[in-house]
Structure formats: C-alpha cells, structure tokens
Amino acid sequence: MLKLAIVGCGKIVAHHIQAIQRCSIPVAITAVVDTNSERAEKTAGSLHSRPKVFRCVSDALQWGDFQATNLLLPHDLHEIVALQCLQAGKHVLLEKPLAHTPESCERLLVAAEEITRDKNTVFMVAENAQYWPERSPLH
C-alpha cells in the first residue's frame, strides 16, 4: 500500500482525493498539510484513513509516515516544497504548473533529476488536460 501525504487543502483537493480513491493500487492518505488548520482538519475529517494533520511540510516530513506527496500549492511555493520533499526521499506529484517562473522551473528540474536518481524516487507534474475528452486525438 502506498502511503501518501496531501500538501495543500484548497479547492482542488476534493478532485485529487476522488482520483486517489479510484486508483487501481491501494493508497492510504496518512497526512494532510495546510497552513490553514480549519481546511486541513476538514480535509482529514472527510477521509476514512483519518490522516494526521500538520500545519507545515517540515513537521510532516519529520514525522515521515508516507512515501509520496501530492503537492496542491500556490505556484510560488512549488519549487521550495517540492525540493524539500524530494530531499527527504519522498516521491512527488506536483499540480501544474511546474513553477511560477522559467528560472524556478529550471532550478527545480535540474535538482529533481539529480535527487530522484540518488534517492530512487519519482517526480511528476500533474497535467490533467491530456485526459480531457476534447483533447483526445479521437475527438
């Protein structure tokens, strides 16, 4: 079973939780992180797994009972939080866009390539538009 931390509990989190629940492999959401305690508690309370709630990524990483992270954050936080998670040896799924500037994208990609190779982890950007029916070549 894959243990997952959700980082960021804004409007998009419900869509990600629904997708996670439809995964073909068992996934347990063991941690929920948001600087807004109310949002984090609400998200955690909606899950059967009753994940642990954190207000900062550093505390969740220190606790560490998860292998992967799903980052649903404001774009200007993508680089720093993704790198924190990768350096802690976690797999990272990052909601698009990659980052808020081309320079930040470049730094993140260069660092992620090295870190994922060293720690045998996966870094992926969630680009859901490729699955929209209107984007299908058969449409």
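To start, this report covers the structure provided alongside it. Keep in mind that what you see is a predicted model, and the values were worked out from it rather than measured. (Residues numbered from 1 in each chain as written. Predicted model: local features only at pLDDT ≥ 70, side-chain atom pairs only at ≥ 80, totals over all residues. Heavy atoms only, no water.)

**Examining the environment of Met124**
Consideration 1: Along the chain, Met124 turns up in strand 6 (residues 123-126).
Consideration 2: You can call Met124 partly exposed: its relative accessible area is 44%.
Consideration 3: It is 11 Å that separates the C-alpha atoms of Met124 and Glu113, two residues lying 11 residues apart in sequence. (Helix = DSSP H or I, 4+ residues; strand = E, 2+ residues; numbered from the N terminus. Buried < 20%, exposed > 50% of the residue type's maximum accessible area, 1.4 Å probe, protein only.)

**Some thoughts on the nonpolar core**
Consideration 1: Grouped together as the largest cluster of nonpolar side chains are 25 residues, with contacts concentrated most on Leu71, Val92 and Phe123.
Consideration 2: Mapped by element, the contributors of at least two residues to this core are strand 1 (2-7), strand 2 (27-33), helix 3 (57-63), helix 4 (78-87), strand 5 (91-95) and helix 5 (102-119).
Consideration 3: Apart from residues lying up to four places away in sequence, Phe123 is in contact with Ala82, Leu86, Val92, Leu94, Leu98, Leu108, Leu109, Ala112 and Thr116.
Consideration 4: Within the second largest apolar cluster, 13 residues are counted, among which are Ile6, Cys9, Ile17 and Ile29. (Core = buried A, V, L, I, M, F, W, Y, C linked by side-chain atoms within 4.5 Å. Contact = heavy atoms within 4.5 Å.)

**Observations regarding the state of the cysteines**
Consideration 1: All told, the structure shown has zero disulfides when counted by the stated rule.
Consideration 2: Here Cys56 is not cross-linked by a disulfide; its sulfur's nearest cysteine counterpart is in Cys85, at 11 Å.
Consideration 3: Its relative accessible area of 30% is what places Cys56 among the partly exposed residues. (Disulfide = S-S within 2.5 Å.)

**Regarding unusual backbone geometry**
Consideration 1: For the bond from Lys96 to Pro97, the omega torsion is -5°, close enough to zero to count as cis.
Consideration 2: When you line up the elements, Pro97 lands in the loop between strand 5 and helix 5.
Consideration 3: Notably, Arg50 is not glycine yet its phi reads approximately 45°, a positive angle.
Consideration 4: Its location among the elements puts Arg50 in the loop between helix 2 (37-45) and strand 3 (52-54).

**Details of helix 4**
Consideration 1: Most of helix 4 sits out of view: seven of its 10 residues are buried.
Consideration 2: Regarding helix 4, the residues found buried are His78, Glu79, Val81, Ala82, Leu83, Cys85 and Leu86.

**Brief notes about the pairing of strand 2**
Consideration 1: Among the seven residues in strand 2, six count as buried, and that is most of the element.
Consideration 2: In the sheet, strand 1 pairs with strand 2 via six bridges, with the strands oriented parallel. Of the residues in strand 2, the one forming a bridge with Ile6 is Val32.
Consideration 3: In the classification by handedness, the crossover that spans strand 1, the intervening helix 1 (residues 13-21) and the parallel strand 2 is right-handed.
Consideration 4: Sheet topology places strand 2 next to strand 3; three bridges connect them, and they run parallel. Counterpart to Val32 in the pairing with strand 3 is Val53.
Consideration 5: The handedness of the strand 2 to strand 3 crossover, carried by helix 2, is right-handed. (Pairing = 2+ DSSP bridges. Right-handed = clockwise from strand over helix to strand, strands pointing away.)

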